[in-house]
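# Structure assessment
The residues making up each chain are set out below.
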Amino acid sequence: MQEFMITLLTCSAAMSILALMYMAVTPILAKRYSVKGRYYAWLIIVGGLIIPFRPHFSNAFVKVDVPSGTATPIIQIGNGTPVTIPAENAAFSPASLSISWWQIATAVWLGGMIIYLTYHAVKHYRFTKMTGRWSEKIIEERALVLLQNLKTEMDISKQINLYSCSSVGTPMMIGFVTPRILLPKTNIVQDELRFILKHELFHYKQKDLWYKCLILAATAVHWFNPVVYLMARAINVQCELSCDAEIVKSADADTRQYYSETIIGIVRYQSKLKTALSTNFYGGKKGMKKRIFSIMDMSRKKTGVAIICGVLLVTLGTGFVFAANVNASQGGDTPTETQATIAERFSIYEQYGMTYNQEKDLFIYDNKIVRYFNDTEAGEGYTADYTKFDYTDYNVAIDVVAVRDAAGKLTGLAPVSKEDFDLRTESFNELNNMQGDAQEDYNGVSSAENGNATEDSGIVEGGSGLSTEAGNPNEQDTALNEYSSYGVSYDGENKCWVYENKPIHYFSDGDYLTFSDYSEDAVNNGISLEVIRNTNGEIEKIVEVEYHG
Amino acid sequence: MDKMKKLPDAEFDIMKVVWSNEPPMTTNVIMKLLGNEKEWKIQTVVSLMLRLVERGYLRSEKHGKERTYFPLVSREDYLKFETGNFMKQYHDNSFLNLVNTLYDDKALTDGDIDELLRWVKERRRG
């Protein structure tokens, strides 16, 4: 469900951008391409909105960082079972709660869609009924003969009835099953009637009512997105323009002028009646000017196949965005991360000599197997560790750390010295032997992981002697170093982090970090803290919270 | 009448006949023009007419044996009411209005339209 909603929202956002861009370039395209091509290119965008799913590209070319609210996984090289770090401590925010948020979102979306569709169904029903009440069948011979002739000319065999309706201000075509043309109760001379009927019959031929249904479907699915309403407007304009274009196709300037005047005449009547409805538009004076400009424009245009292809490509291209998104959410939702994404993520180190062997799920540096890798600056996702697997020979395996300059820019990779390597081996063995009673005999200098720290990582075990999850072997407990300027400090004597002279039992910084200390002192006397960040992600303050661990 | 109410179909059909004929109307005439076609009984027509009187759409007078009816609401007024009502519900008060106002969807003044006509002619020459 969450995945579907993410897909939907991504689709909505990506297609909105595409639609807005397309709207922006429409005036430029109008100079070179036919209105028909421009009109049908919209159909692809509409389709892309209705069906939020795209063909899945396993390797996204365009890496789009989609914030998914979940933490990046830490991976363990070697056994191929990557481990995820849940963004929030499970005990702190029960999974059921976060699921119900997505359920609420889905329910709201569905509810909105139902309301939207109902509203339009009722509106359509009432409109049909009202126009039915006020319509009289036209029995005038001349009009009927004209309609019949035009139908033959345009190769339409379907029975189409002609009505005169007092409650409409503009000619229109309604009805899917029994299409009928409604004419307003105004004086229309024969020549004008010819244009009007032709225009409406073109709507029928172009299946514009069905097109409008698709637009309705798209706006219903994305009812929460204001851009789709703008889009619906823009397509309606193109719909009328494409009908106009068909009618004046290969017509001379006189005919075009007469057709323009016919339309203006209708607008005059409609404006008097103040009834703007259904298949017709008149977007104010500016809109009318555009429409007439389009009618009077006699220059030859390309069909616009290029536009259609272009829009199709970009629409499918939004699939890349989805692919990247799916990868991101996969990292957070499920504990499996594909080798491909690992490779992609770690590809930044390739130029410095560390390569990833997808097949064996191993990193190679200097022809040695990378036993441990850490890039503190890059974040949790860029740590690789398999100290568990006892590669203890310095000639076979190696520990590598990333080197970054003061600005945080990656400048290279450095293998650790043999001493450091052995120290890690040692402390790892020590940890293995300790089997849980980690506090004893542990000198607190090394930061090698015990199995526990790696497996439920993200919960940084601190204080009790088992310090940071991915630090340098010679580092002190640095888990909360980042927060030292906010009153958090490390008490080396009691081996715990303190805040306002109280030991910290639990410390949460949203997606960035979760820390907990289960030592006796911290559990009994400790406090729980939460970091408040502003919208820019900068730390605002640290507050004390209730912790029901 | 203070407040018009939307007429149900049957009553609307009666009014349509009333509007399209010279008043006064009698039940018999209505019956002849409408009842037979719809296969209504005379009682149905009478009760529909009385309901229209109640609603304030018709006024009735009794001359001896026969009761005659006059329309109180003109066809144009009712058309304006019904169509306008629809507009009001689905255009002005629509929740899409916010978006609608982004685009100008207003009716044009006569001045605007004359200007447009002049503009067409200019474009023709140009």
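### Some thoughts on the overall build of chain A
Secondary structure summary: chain A contains 14 helices and 17 strands in total. Burial analysis of chain A (549 residues in total) assigns 50% to the buried set. Taking contacts inside chain A between residues at least 6 apart in sequence as the whole, the part at least 24 apart equals 64%. In the form shown here, chain A has an accessible surface area of approximately 26,100 Å², with 56% of it arising from carbon and sulfur atoms.

### Considering helix 1 (residues 2-32) of chain A
Counted at 1.5 Å a residue, the expected span for helix 1 of chain A with its 31 residues is 45 Å, and the 43 Å between its end C-alpha atoms agrees. Of all the bends in helix 1 of chain A, the greatest, near 50 degrees, is centred on Thr26 of chain A, and the proline Pro27 of chain A appears no more than four residues after it.

### Some thoughts on the packing of aromatic side chains
Tallying each qualifying case throughout the model produces 23 aromatic pairs over all chains. With centroids separated by 5.9 Å and ring planes inclined at 45 degrees, the aromatic side chains of Phe195 of chain A and Tyr258 of chain A adopt a geometry described as tilted. Remark: Tyr258 of chain A occurs in helix 8 (residues 253-273) and Phe195 of chain A occurs in helix 5 (residues 190-205); sequence separation between them is 63 residues. Here Phe195 of chain A falls in the buried class, since its relative accessible area comes to 12%. Among the residues examined, Tyr258 of chain A registers a relative accessible area of 30% and is labelled partly exposed. In this structure an aromatic cluster arises from ring pairing among Trp134 of chain A together with Phe12, Trp19, Tyr57, Tyr78 and Phe81 of chain B.

### Comments concerning the sheet that holds strand 1 (residues 25-26) of chain B
Pairing between the strands of a sheet is mediated by backbone hydrogen bonds and can be parallel or antiparallel. Residues and elements named next belong to chain B. Sheet architecture is open: 3 strands sit in the order 1-3-2, paired in antiparallel fashion. Pairing within the sheet leaves two strands with one partner each, and these edge strands are strand 1 and strand 2 (58-63). Both strand 1 and strand 3 (residues 66-71) contribute to a ladder of 2 bridges, which runs antiparallel. Across the sheet, Thr26 pairs through a bridge with Thr68, a residue of strand 3. In the packing of helix 3 (residues 42-55) onto the sheet, the strands contacted are strand 2 and strand 3, and the crossing angle to strand 2 comes to about 115 degrees.

### Here we look at the pairing of strand 16 (residues 527-533) of chain A
Residues and elements named next belong to chain A. Bridge count between strand 14 (residues 502-509) and strand 16: 4 bridges; the pairing is parallel. Each residue of the ladder has a partner; that of Ile504, found in strand 16, is Ile527. With 6 bridges connecting them, strand 16 and strand 17 (residues 539-545) associate as antiparallel partners. Considered in strand 17, the bridge of Val531 is made with Ile542. From the end of strand 16 to the start of strand 17, which pair antiparallel, there are 5 residues, and Gly537 there has a positive phi angle of about 85 degrees.

### Considerations on the pattern of salt bridges
Two side chains with opposite charge may pair up if their charged atoms get near one another. In the structure shown here, the tally under the stated rule is 13 salt bridges over all chains. Of the charged contacts in the structure, one is a salt bridge between Glu140 of chain A and Arg142 of chain A, with a shortest N-O distance of 4.0 Å. By relative accessible area, which is 52% here, Arg142 of chain A ends up exposed. In this structure, Glu11 of chain B and Arg51 of chain B form a salt bridge, with 3.1 Å as the shortest nitrogen-oxygen distance. Taken together, the residues span a long stretch of sequence, with Glu11 of chain B in helix 1 (residues 9-19) and Arg51 of chain B in helix 3 at a distance of 40 residues. By relative accessible area, which is 38% here, Arg51 of chain B ends up partly exposed.

### A few points about helix 4 (residues 141-153) of chain A
Residue and element names in this part refer to chain A. In this model helix 4 runs 18 Å from its N-terminal to its C-terminal C-alpha over 13 residues, within 8% of the 18 Å that 1.5 Å per residue would give. All buried positions along helix 4 are accounted for by Ala143, Leu146, Leu147, Leu150 and Lys151. Taken around the axis of helix 4, the buried residues stretch over an arc of 135 degrees, which confines them to a single face. In helix 4, those exposed residues whose orientation departs by more than 90 degrees from the buried face are Glu141, Arg142 and Thr152. Note on helix 4: the residue one or two positions beyond its end, Asp155, has a positive phi of about 65 degrees.

Conventions we followed
Residues numbered from 1 in each chain as written. Chains lettered and ligands numbered in written order. Predicted model: local features only at pLDDT ≥ 70, side-chain atom pairs only at ≥ 80, totals over all residues. Heavy atoms only, no water. Helix = DSSP H or I, 4+ residues; strand = E, 2+ residues; numbered from the N terminus. Buried < 20%, exposed > 50% of the residue type's maximum accessible area, 1.4 Å probe, protein only. Contact = heavy atoms within 4.5 Å. Areas by Shrake-Rupley, 256 points an atom, 1.4 Å probe, with all protein chains shown as cover. Expected span 1.5 Å × (residues − 1). Bend = angle between axes of the 7 residues up to and from the residue. Phe/Tyr/Trp six-rings, centres within 6.5 Å; stacked < 30°, edge-to-face > 60°. Pairing = 2+ DSSP bridges. Axes fitted to C-alpha atoms, helices over the stretch in contact; angles between N-to-C directions. Salt bridge = Lys/Arg side-chain N within 4 Å of Asp/Glu carboxyl O. Arc of directions from axis to C-beta.

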